[in-house]
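Given next are the chains, with one letter for each unit.
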Amino acid sequence: MFTGAGSTGKSAKMAMWLLGNWLVDQQHTMCVMTSTSVKMLSERIWADIVLWIGKAKHDLKKFLEILNSDLEIRWNPNDKKGMMTGMAVK
């Protein structure tokens, strides 16, 4: 967990950390991102994760299934274990 004032890059740092760990070993890493609303989640950390995927040296989008509407990223469409997902919690 990162703490600090607003606009200090907490979401970007967490997105990079989550994505890096997940890319190393998808089958043993599940990333669940939470926020108080889907709107806030998709505008912050989810947007940063998709941004980092786009900035990767290799075109990861060819290999990943990115479901922005469901806030899910998977290598394999049938894999519910080794995926990244976001959910709103109150």
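Note that the structure is predicted; figures quoted are calculated from it, not measured.

Reading the values: the criteria
Residues numbered from 1 in each chain as written. Predicted model: local features only at pLDDT ≥ 70, side-chain atom pairs only at ≥ 80, totals over all residues. Heavy atoms only, no water. Helix = DSSP H or I, 4+ residues; strand = E, 2+ residues; numbered from the N terminus. Rg over C-alpha atoms; globule rule 2.2 N^0.38 Å. Buried < 20%, exposed > 50% of the residue type's maximum accessible area, 1.4 Å probe, protein only. Contact = heavy atoms within 4.5 Å. Areas by Shrake-Rupley, 256 points an atom, 1.4 Å probe, with all protein chains shown as cover. Lys, Arg positive; Asp, Glu negative; His and termini not counted. Charge placed at Lys NZ, Arg CZ, Asp CG, Glu CD. Pairing = 2+ DSSP bridges. Arc of directions from axis to C-beta. Patch = residues over 30% accessible without salt bridge, like charges linked within 9 Å, V, L, I, M, F, W, Y side chains within 5 Å. Salt bridge = Lys/Arg side-chain N within 4 Å of Asp/Glu carboxyl O.

All right, on to the overall build of the protein then. Along its length, the protein carries 3 helices and 4 strands. In sequence order, the protein lays out its α and β elements as α-β-α-α-β-β-β. Taken against the 2.2 N^0.38 rule, which gives 12 Å for 90 residues, the C-alpha radius of gyration of the protein at 13 Å falls within 12% of a compact globule. Across its three principal axes, the protein shows a C-alpha extent of roughly 35 × 30 × 20 Å. Per-residue burial for the protein yields a buried fraction of 31% across its 90 residues. Restricting to contacts in the protein with at least 6 residues of sequence separation, those with at least 24 account for 55%. Of the accessible surface of the protein, which amounts to about 6000 Å², a share of 58% is contributed by carbon and sulfur atoms. Looking at the protein, you have 12 positive and 8 negative side-chain charges, and the mean spots of the two groups are 7 Å apart.

This paragraph deals with the pairing of strand E4 (residues 84–88). Bridge count between strand E1 (residues 31–35) and E4: 5 bridges; the pairing is parallel. Along E4, the bridge assignment pairs Met33 with Gly86. Inspection of the sheet shows strand E3 (residues 72–74) paired to E4 by 2 bridges, in the antiparallel sense. Opposite Ile73, over in E4, you have Met84 as the bridge partner.

Further remarks concern helix H3 (residues 45–55). Among the residues making up H3, those that are buried are Ile45, Trp46, Asp48, Ile49 and Ile53. One side of H3 holds all its buried residues, which, seen down the axis, span an arc of 160°. For H3, the exposed residues lying more than 90 degrees away from the buried face are Gly54 and Lys55. Summarising the contacts, the buried residues of H3 are in contact with helix H1 (10–24), E1, helix H2 (38–43), strand E2 (65–67), E3 and E4.

This brings us to a nonpolar patch on the surface. Nonpolar side chains collect at one region of the surface, where Met30, Val32, Met87 and Val89 lie side by side and expose about 320 Å² of accessible area between them. By relative accessible area, which is 40% here, Met87 ends up partly exposed.

A few words now on the pattern of salt bridges. Pairing between side chains of opposite charge can happen when their charged atoms approach one another. Counting across every chain of the model gives 3 salt bridges. Across the pair Glu43 and Lys39 runs a salt bridge whose closest N-O atoms are separated by 3.0 Å. Of this pair, Glu43 and Lys39 both sit in helix H2, separated by 4 residues, roughly a single helical turn. Here Glu72 and Arg74 are joined by a salt bridge, their closest N and O atoms 2.2 Å apart.

Coordinates in, geometry out; function isn't part of it.
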